[in-house]
Amino acid sequence: MTMQCTELPGASAPPAWPHCGHRTTVEEPVGCTGIPVTGHAACLAHLADADRDAYLAGLTPGSDIDHRGTTFTEPLLTALLDALRDPSGSIPCLGTAAFGSAVFEGDADFDRADFAGDARFDRAVFEGEARFREAFFHRGVHFASAEFTDTARFDMAFFEDDADFTSAIFRSGTAFDHACFQDMAGFEAVVFEGDAQFAWASFRSITTFESAAFRSGAGFGRAAFCDAQFDSATFEGGARFDGATFEDLARFTATAFNSDVDFGSALFKGLAGFLSVAFEGGARFDGATFKDLALFGGTAFNGEAGFGSVTFEGDVRFDGAGFERPADLGPFVCAGRVGLSGARFGGPVTMSFAARRVECDRTRWSSTAVMRLRHATVDLSHADLGHSLTVAAQAEPFALPGGRTLDERALTGGPGAGAPAAGVPGARVRVASLRGVDTAQLVLADVDLSRCLFTGAVGLDRIRLEGACVFASTPYRSGGPRGGARFTPRRTLAEEHHWRARRPGSARGWNRAVLGAGQAGPAQLAPVYRALRTACEAGRIPAGAADFSYGEMEMRRHDRTGTARAERGLLHGYWLVSGFGLRASRALGWLLATVLTTVVLLMWAGIPQDAPKREATGSVPADGGASTFTMEEDGPGKPSGESFTGERFETSLDIALGFVVFRSPGRELTAVGGCIETVSRVSAPLLLGLAALAVRNRVKR
């Protein structure tokens with residue numbers, strides 16, 4: 001039997017092993033690069049028929065073979081494998097197999113082959129279909145820099161040791177469906193020009209596809225990875241990782257997905273790193289579960305981003321990520337922090353999160369944005385609001401298609417969706433900071449602002465507060481339930497709590513500042529209260545406007561740097577008398593005290609004891625002419641005798657009440673009584689007016 005062969009293309013340099021050298025020419029001084037068969041000067045392809053037959057007859061299942069650089073036609077390869085089959089004739093059994101730089105001109109059929117030793121196909125060229133279906137590699141396998149011109153089939157192949165495909169080129173379709181890699185699998189810099197299918201494949205050690213190029217579709221659906229590294233890989237066609245499981249690290253740093261990619265229902269048990277990834281098409285993660293940290297920092301979502309029903313059991317970081325198209329993030333649940341610091345949103349976006357904390361430090365929204373949250377504390381420090389941003393609390397669990405609701409057990413730890421566990425706050429949403437934010441475009445709905453830091457924010461007079469926004473309140477009693485000063489409940493800022501708590505001798509009940517909250521004082525808080533009062537007036541929230549008006553004047557009263565001493569004195573008096581016209585009980589108390597004091601003073605020295613006596617003196621002319629008389633009346637003096645009698649009390653009370661409504665006393669008073677009248681006519685109506693103003697403000701609240 002005469003075998004035809006083709007010399008290894010481009011073999012201008014001699015190989016590192018002794019070679020056949022058949023058909024050496026001036027143009028090809030190396031000739032055939034095939035390694036000679038033991039005991040012969042020619043390679044297997046160029047052996048005489050009798051020598052070849054003798055060699056093949058001497059092979060037994062499990063024999064070691066070395067045919068580096070040899071060119072195999074399909075019949076020659078079939079003859080070689082037939083010589084190595086087990087007694088049943090169904091399975092080729094090879095020991096150590098060296099096919100480095102070999103050329104397979106026809107189909108290479110290694111289906112169900114058993115490689116007991118190392119299998120080396122590095123730099124081999126497969127010009128026909130390469131079939132390794134159900135092949136079993138007990139030791140290391142090497143396809144580094146191999147070239148597969150036609151389809152390569154490794155379906156259900158089993159790699160018990162390292163598998164090296166570094167820099168291999170697959171020019172047609174590739175199938176590793178249900179393949180199992182027990183040890184390291186290296187696909188660095190591999191080029192897949194056709195579809196690459198790894199569906200249901202199992203990678204039980206480190207798997208590297210670093211710098212791999214997938215020029216067509218790539219399918220890893222239901223694949224199982226231990227440690228997967230796809231750094232700098234390029235996916236030109238669609239990529240599917242739906243239902244895939246990543247037991248340990250999943251790293252996609254600087255990976256480029258130029259078409260749609262699907263990670264739907266994937267399970268990431270270890271760290272998931274998608275740093276600086278470029279998603280040019282749609283990126284779908286719907287239904288995926290991340291049990292550890294998930295990193296999307298610096299990633300560009302240039303297509304549609306889908307994170308519906310995703311569960312993050314650790315933190316998820318989108319710091320510095322870019323969302324260029326309209327996006328609908330969520331609803332998803334995060335048991336840790338959602339990091340959006342430095343992220344950029346180029347189109348309208350709706351975010352629906354159930355999370356412990358959402359960080360939006362220096363986040364930029366270039367279009368309308370809505371953030372619907374549950375359980376979360378959101379930090380908006382230095383956020384850039386180019387358009388309207390609405391932060392709203394979601395009362396009920398997020399609805400999903402099919403009538404289901406988002407399962408929040410990863411966050412709440414409760415037995416059912418949305419049921420908070422012990423120590424976990426309810427669904428109320430808290431805002432931690434608005435520092436450095438232009439809030440003119442901000443809408444807050446049904447959120448807790450009791451610990452929010454407002455100083456440093458601008459445009460607070462145009463912020464919109466909708467629904468039941470909660471602010472911090474004054475402590476009911478500063479010294480406990482049985483003693484100490486009592487504070488009238490009012491809306492206060494967290495910074496006022498911090499300022500009062502750090503004052504020497506401060507009363508108990510004021511919240512102390514946490515680390516990083518700053519040292520804001522009355523000078524900084526007064527304009528904040530003024531702006532919030534304006535916002536509440538514009539939003540028709542009279543109760544909030546009244547409380548913030550009180551807070552503004554209270555801060556001005558304590559401001560020793562921006563408020564003059566005389567003004568602080570006036571404010572102190574205004575506060576003492578009527579609580580800045582907002583405390584009706586205080587004004588009425590002072591009015592009652594003024595009336596009672598007036599009554600006591602009138603009884604003591606203001607009303608004379610007896611009516612004044614009138615005496616007429618004069619002379620009668622002897623001739624009976626006209627008589628002249630002079631009437632003299634004693635002025636009212638200090639009463640003598642008993643001053644505090646029931647009759648005098650009634651008289652004094654009537655006079656004192658008359659002072660309140662500008663009514664004349666109707667009787668003479670002593671000189672002291674006149675002074676009392678002057679003072680009472682000024683103070684009593686003033687206090688009555690302040691009380692009326694305070695009552696009006698209370699009714700409006």
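The preceding data block contains the structure.
Criteria and cut-off values
Residues numbered from 1 in each chain as written. Predicted model: local features only at pLDDT ≥ 70, side-chain atom pairs only at ≥ 80, totals over all residues. Heavy atoms only, no water. 1 Å grid on protein atoms, 1.4 Å probe; cavity = no way out; pocket = protein on both sides within 12 Å on 5 of 7 lines; lining within 4 Å. Points joined across faces, edges and corners; volume = space filled by probe spheres on them. Helix = DSSP H or I, 4+ residues; strand = E, 2+ residues; numbered from the N terminus. Buried < 20%, exposed > 50% of the residue type's maximum accessible area, 1.4 Å probe, protein only. Contact = heavy atoms within 4.5 Å. Phe/Tyr/Trp six-rings, centres within 6.5 Å; stacked < 30°, edge-to-face > 60°.

Volume-wise, the largest pocket comes out at about 360 Å³. Together, 20 residues line the largest pocket, and Ala-432, Arg-451, Leu-453, His-498 and Val-514 are the ones closest to its centre. Among the elements that make up the lining of the largest pocket, the one with the highest residue count is strand S52 (residues 429-433) (four residues).

What follows concerns unusual backbone geometry. Residue Gly-330 is joined to Pro-331 through a cis peptide bond whose omega torsion reads 5°. With respect to the helices, strands and loops of the structure, Pro-331 is situated in strand S44 (residues 327-339). In this structure, Arg-123 takes a positive phi of about 65° despite not being glycine. Its location among the elements puts Arg-123 in the loop between strand S8 (119-120) and strand S9 (125-126). Taking relative accessible area as the criterion, Arg-123 reaches 56% and is therefore assigned exposed. With a phi angle near 60°, Met-156 is a residue other than glycine that sits in the positive phi range. Counting through the fold element by element, Met-156 comes out in the loop between strand S14 (152-153) and strand S15 (158-159). On the accessibility criterion, Met-156 (46% relative accessible area) is partly exposed.

The next thing to look at is helix H4 (residues 494-501). Among the eight residues in H4, eight count as buried, and that is most of the element. Every buried residue belonging to H4 is among Ala-494, Glu-495, Glu-496, His-497, His-498, Trp-499, Arg-500 and Ala-501, and all of these are buried. Its buried side turned inward, H4 meets strand S56 (472-473), strand S57 (491-492), helix H5 (522-538) and helix H6 (542-558).

Another aspect to go through is the packing of aromatic side chains. In total, this model carries 109 aromatic pairs according to the counting rule given. Ring geometry for Phe-143 and Phe-148: centres 5.9 Å apart, planes at 40°, overall tilted. Phe-143 gets classed as buried once you look at its relative accessible area, which sits at 0%. In this structure Phe-148 comes out as buried when scored by relative accessible area, which is 0%. Where Phe-209 meets Phe-230, the ring centres are 4.8 Å apart and the plane angle is 5°; that geometry is what we call stacked. You can see Phe-209 sitting in the loop between strand S23 (202-208) and strand S24 (213-214) and its partner Phe-230 sitting in the loop between strand S26 (224-229) and strand S27 (234-235), a full 21 residues away along the chain. For the pair Phe-209 and Phe-230, a shared accessibility class is recorded, and that class is buried.

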